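# Structural overview
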Amino acid sequence: MKNLLVTGGAGFIGTNFIYYVQRHYPHINILNLDALTYAGNPDNLSNLPNPDHYHFIQGDIRDAALIEKILLEYQIDTIVHFAAESHVDRSIADPAPFISTNVMGTCNLLEAARKTWKSNDKTGGVKFHHISTDEVFGSLSPNDRPFSEMTPYNPNSPYAASKAASDHFVRAYYRTYGLPVTISNCSNNYGPFQYPEKLIPLIIINALNGKPLPIYGDGKQIRDWLFVIDHCEAIMEILIHGQTGETYCIGGNTQITNLEMVEIICSLLDEKVPTPKYRPHKNLIHFVPDRPGHDRRYAINTNKIKNTLGWQPSKDIISGLSQTIDWYLEHQEWVSTTLHKNNYQMWIQYQYGFNQDGE
Ligand code: NAD
Ligand code: DAU
């Protein structure tokens, strides 16, 4: 792996992945292609340890001519495809961008890789890794076995359906054209740089500001949380040692309810926040109407990646959350800039009916 194209590298996981690669594989040249939607922030990458090996292009994965040009010009041998519309609630509000970016955009990338790599006869040394989600498998009941690579697809939200469709196209390009692909389906990530429309950063930031902590429905939905750096490590293992054409499920082996998660964050904040204005933070918890079609439980069986590639999550939930909270406390400027963006204010108003001032 010499010239790596990362799509969506200005978003949450992509940013963490680029830092991870630069720290552990400094010889790799990284090209980050990102359209900079509301979720992308190029300033995330302003402190890279090895800027000479990093290049950013603002562009859209749906732009076929641009993608082909990039693959040729930068002699890309590896693609890690993160770029997506990623927020379930936004997909419920408006599915169209999800179909367009997640399905059409992924197909566009696949087609460009097929054309470019085949015509250069480089298929031996190239790889297309597609980042997907556990949400493609649908919802588990309390006693169901965790999702594995054998679980049939059963997506419930427009976001999950769009990711499922993209997974199918990736697999089809392997079977039909022999494009050297791998796919990973990962559970909920948390950590630094996550856009504060997702549960964990939303709760941290609202709690710090004394704003309501919205919990959908009864808060007993279960997610399997994974620290983002563990996810990055798993992706690199797949890139280096994974078998072409294979899918790998990645998870944190940490199943907890949303309500438990929010209570843990609140008690960590009770200890960490220097001025105890809103202590105990759990008094800010506020139950709101449930997400339509809300999946009840996700859980991942990580046996395949553990047994074949030796990967398993290493960060426990308390130290991961503690590190995440510290990051948000230490990056007040990042938080403030994000919160004051129009798109963010409009989303909070639309989704919760209150703005950042709690009005
Ligand atoms: P994110 O929303 O934080 O970032 C997405 C990035 O993609 C942004 O920088 C955005 O600007 C960019 N982007 C969007 N549309 C684009 C387009 N048309 N062209 C180019 N760039 C575009 O998302 P994330 O949480 O970092 O998720 C990254 C990937 O991982 C997604 O594919 C998501 O489905 C998957 N995933 C996420 C999680 C999670 O918990 N966050 C878990 C499993 C899988
Ligand atoms: O499972 C992997 C998926 O995890 C990824 O594919 C998605 O890209 C990522 O966004 C995430 O999806 P979720 O819908 O699980 O994440 P979110 O942070 O939005 O919600 C986590 C849980 O918390 C979910 O059960 C809904 C609930 N929730 C969320 C918000 C924003 C609340 O109760 N209140 C909220 O305000």
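Every chain is numbered independently, its residues counted from 1 as its sequence is written. For naming, the first written chain is A and the first written ligand is 1, with later ones following in the order written. Where totals are concerned, whole chains, interfaces and linings use all residues; where local detail is concerned, this predicted model gives features only for residues with pLDDT of at least 70, and gives and counts side-chain atom pairs only at 80 or more. Water and hydrogen atoms were dropped before computing side-chain values, which therefore reflect all heavy atoms in the structure.

## With respect to the overall build of the protein
Under the scheme used here, helices are H or I runs from DSSP no shorter than 4 residues and strands are E runs no shorter than 2 residues, and both carry numbers assigned from the N terminus. A tally of regular secondary structure across the protein gives 12 helices and 13 strands. Each of the three principal axes of the protein carries a C-alpha extent, and together these read 65 × 45 × 40 Å. Here the protein, with 359 residues, has 55% of them falling under the buried criterion. Contacts: residue pairs with any heavy atoms within 4.5 Å of one another. A fraction of 81% describes how many contacts in the protein between residues 6 or more apart in sequence connect residues 24 or more apart. Only protein chains enter the area calculation, which uses a 1.4 Å probe; residues under 20% of their type maximum are buried, those over 50% are exposed, and those in between are partly exposed.

## With respect to the environment of Ile235
Summarising the element assignment, Ile235 is placed in helix 7 (residues 228–241). Along the sequence, Ile235 and Leu36 sit 199 residues apart, while their C-alpha atoms lie 23 Å from each other. Ignoring anything within four residues of it in the chain, the contact list for Ile235 reads Phe17, Val80, Phe82, His129 and Ile131.

## Some points on the site of ligand 2
Neighbouring residues are identified by heavy atoms, a residue being near a molecule or strand if any of them is within 4 Å of it. Around ligand 2 there are 23 residues in total, and Thr133, Asp134, Tyr159, Arg291 and Tyr352 lie nearest to it. A distance of 2.9 Å is found between an oxygen atom of ligand 2 and a backbone nitrogen or oxygen belonging to Tyr216. Pairs of N or O atoms are called polar contacts if they sit within 3.5 Å, as long as, within protein, a hydrogen donor faces a hydrogen acceptor (for residues adjacent in sequence, only side-chain-to-side-chain pairs). One nitrogen or oxygen atom from the side chain of Asn258 is found 2.9 Å from an oxygen atom belonging to ligand 2. In isolation ligand 2 offers 690 Å² of accessible surface; the protein chains occlude 95% of this area. Take the shell around ligand 2: its biggest share by element is three residues, from strand 8 (residues 213–216). Of the residues in the shell around ligand 2, the class split is 10 nonpolar, seven polar and six charged. Methods summary: accessible areas were calculated by the Shrake-Rupley approach with a probe of 1.4 Å, and residue burial reflects only the protein chains presented. Residue classes follow a fixed rule: Ala, Val, Leu, Ile, Met, Phe, Trp, Tyr, Cys and Pro count as nonpolar, while Asp, Glu, Lys and Arg count as charged, and any other residue, Gly among them, counts as polar.

## Observations concerning the nonpolar core
In this structure, Phe17, Ile265 and Leu321 are the most contacted members of the largest nonpolar core, which totals 61 residues. Filtering out sequence-adjacent residues up to four positions away, Leu321 remains in contact with Tyr190, Ile200, Met261, Ile264, Ile265 and Leu268. Residues belong to a common nonpolar core when they are buried Ala, Val, Leu, Ile, Met, Phe, Trp, Tyr or Cys residues joined through side-chain atoms within 4.5 Å. Ranked by size, the runner-up nonpolar core spans 23 residues in total, among them Ile67, Ala113, Tyr173 and Ile183.

## Concerning the packing of helix 8 (residues 258–272) against helix 10 (residues 317–330)
Packed helix pairs are characterised by how far apart their axes lie and by the angle those axes make with each other. Angles run from 0 to 180 degrees between N-to-C directions of axes, and those axes are lines fitted to C-alpha atoms, restricted for helices to the stretch in contact. Across the interface, helix 8 lies against helix 10 with an axial gap of 10 Å and an inter-helix angle of 60°. Considering the angle they form, helix 8 stands oblique to helix 10. Crossing geometry of helix 8 relative to helix 10 is assigned as right-handed. Together, Met261, Ile264, Ile265, Leu268, Leu269 and Lys272 of helix 8 and Ile317, Ile318, Leu321, Ser322, Ile325, Asp326 and Leu329 of helix 10 make up the contact between the two elements. Broken down by class, the residue content of the contact of helix 8 with helix 10 amounts to 10 nonpolar, one polar and two charged. When an angle is under 35 degrees it counts as roughly parallel; over 145 it counts as roughly antiparallel; between 65 and 115 it counts as roughly perpendicular; any other value is oblique. Put simply, a crossing is left-handed when the front helix is turned counterclockwise from the back one by less than a right angle, and right-handed when it is turned clockwise.

## What about the packing of aromatic side chains?
The pairing test for Phe, Tyr and Trp rings, Trp by its six-membered ring, is centres within 6.5 Å, and the orientation test on the planes gives stacked under 30 degrees, edge-to-face over 60, and tilted for anything in between. Using the criterion set out here, one finds 16 aromatic pairs in the structure. Between Phe193 and Trp327, the ring centres sit 4.7 Å apart and the planes meet at 50°, which makes this aromatic pair tilted. In this pair, Phe193 sits in the loop between strand 7 (189–190) and helix 6 (199–208) while Trp327 sits in helix 10, placing the two residues 134 residues apart along the sequence. By relative accessible area, which is 14% here, Phe193 ends up buried. With a relative accessible area of 10%, Trp327 lands in the buried category.

## Considerations on the pattern of salt bridges
Should their charged atoms come close, side chains of opposite charge can pair. By salt bridge we mean one thing: a side-chain nitrogen of Lys or Arg within 4 Å of a carboxyl oxygen of Asp or Glu. Within the structure shown, the criterion is met by nine salt bridges. One salt bridge in this structure joins Asp60 and Arg62, with 2.7 Å as the shortest N-O distance. Arg296 is the salt-bridge partner of Asp218, the closest N and O atoms lying 2.7 Å from each other. Of this pair, Asp218 sits in the loop between strand 8 and strand 9 (222–224) while Arg296 sits in the loop between strand 13 (285–288) and helix 9 (303–309), placing them 78 residues apart in sequence.

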